[in-house]
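These are the residues of each chain, in order.
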Amino acid sequence: MLKVKNVTLRFGGLVANNDVSMEVRDGKITGLIGPNGAGKTTFFNCISGVYTPNEGKIIFEGKEIQGYRPYQINKAGISRTYQIINLFKKMKVYENVIVGMHSRLNSSVTDSLFKTKKEREEEKKAYEKALKLLDFVGLLELKDEPAGSLSYGKQRLLEICRALASDPKILLLDEPAAGMNATEKNELDVLCKRIVERGISILIIEHDMKLMMGLADYMYVLNYGKLLAEGAPSEIQNNPAVIEAYLGGE
């Protein structure tokens, strides 16, 4: 579905991503791990259009998308969450989800200004869709609460829900388990697998190795911006180079 070929991104003399290649397979959960500062979020930013790589190609469903703006990539079918929670905290929970549908809504400014029948019907459908998505992630009973009043773990779930609202084909999750307790992490594990059952592929960055080993079908490891290893979770877990990168040696 998604192929990244030899992507390099430089900030002046700093090489943040160095000749990185990887694939996100259709209907699979692909993991991306690495020590702090390895270039994982920067890599996400290249895929989602925040940065344009200096070299290499990003190919989504056979079409090159490097250089696209973030809204164009979202409309094409790639959605993401953020390492730092990025909700509209004073807006209601369901309103945050509707914001995520922006690229799929068709009403014009005129429709919104004059509250035309088209706009009213679309607004009703968006609200109903938001409720279904909130039910899917387990937040329906909190739909009318301000997003900022939710616990940290539930705010993470709301971010995932908002990302799902744009009907993505690939979901990029940037450390979704950060700040979650053990129960919430187990629920996240189940949710990710249910998302894949809906036909959405996932590329996930996560530091919780126990969670990743049970969740990912295939994994890539970045270190100092360069691809260090790839393989099944069991192979990554026993890879001496990966152990050294994380722990400094045996």
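Reading the values: rules and limits
- Residues numbered from 1 in each chain as written.
- Predicted model: local features only at pLDDT ≥ 70, side-chain atom pairs only at ≥ 80, totals over all residues.
- Heavy atoms only, no water.
- Pairing = 2+ DSSP bridges.
- Helix = DSSP H or I, 4+ residues; strand = E, 2+ residues; numbered from the N terminus.
- Contact = heavy atoms within 4.5 Å.
- Axes fitted to C-alpha atoms, helices over the stretch in contact; angles between N-to-C directions.
- Parallel < 35°, antiparallel > 145°, perpendicular 65-115°, else oblique.
- Phe/Tyr/Trp six-rings, centres within 6.5 Å; stacked < 30°, edge-to-face > 60°.
- Lys NZ or Arg CZ within 6 Å of the ring centre and 35° of its normal.
- Domains from an automatic or database assignment.
- Buried area = accessible area lost by both parts, 1.4 Å probe.
- Salt bridge = Lys/Arg side-chain N within 4 Å of Asp/Glu carboxyl O.

With respect to the sheet that holds strand E5 (residues 63-64)
Pairing is antiparallel in the open sheet, where four strands are placed in the order E2-E1-E4-E5. The strands lining the two open edges of the sheet, one partner per strand, are strand E2 (14-24) and E5. With seven bridges joining them, strand E1 (residues 2-11) and E2 adopt antiparallel strand pairing. Bridged to Val4 within E2 is Met22. Relative to E1, helix H1 (residues 40-47) is tilted by about 115°, and along the sheet it contacts E1, E2 and strand E4 (55-60).

A short note on the packing of helix H6 (residues 152-164) against helix H7 (residues 182-197)
Two elements in contact, H6 and H7, have axes whose closest approach is 11 Å; the angle formed by their N-to-C orientations is 10°. On the basis of their axis angle, the class for H6 and H7 is roughly parallel. Each of Gly153, Lys154, Leu157, Ile160 and Leu164 in H6 lies in contact with H7, whose residues at this interface are Glu184, Leu188, Leu191 and Ile195.

Points about the packing of aromatic side chains
What the rule picks out here adds up to three aromatic pairs. Aromatic side chains Phe11 and Tyr51 sit 5.2 Å apart centroid to centroid with 75° between the ring planes, which places their arrangement in the edge-to-face category. You can see Phe11 sitting in strand E1 and its partner Tyr51 sitting in the loop between H1 and E4, a full 40 residues away along the chain. Ring centres of Tyr94 and Tyr127 lie 5.1 Å apart, and the angle between their planes is 90°; on these two criteria the pair is classed as edge-to-face. Taken together, the residues span a long stretch of sequence, with Tyr94 in helix H3 (residues 93-99) and Tyr127 in helix H5 (residues 117-137) at a distance of 33 residues. Positioned above the aromatic ring of Tyr218 is the side chain of Arg25, whose terminal nitrogen or guanidinium carbon lies 4.3 Å from the ring centre. Residue placement shows Arg198 over the ring face of Phe136; its charged tip is 4.3 Å from the ring centre.

Notes on the domain arrangement of the chain
Assigned domains within the chain: domain 1 (1-77 + 168-249) and domain 2 (88-161). Computed from C-alpha atoms alone, the centre-to-centre distance between domain 1 and domain 2 is 27 Å. At the junction of the two partners, domain 1 supplies 17 residues and domain 2 supplies twelve residues. The junction of domain 1 with domain 2 conceals about 1,200 Å² of combined surface from both sides, 61% of it contributed by carbon and sulfur atoms. Counting across the interface, domain 1 meets domain 2 through zero salt bridges. For the side of domain 1 that touches domain 2, the secondary structure elements donating two or more residues are helix H2 (70-76), strand E7 (170-174) and H7. Ranked by the residues each element gives to the side of domain 1 that touches domain 2, the list is headed by H7, at five residues.

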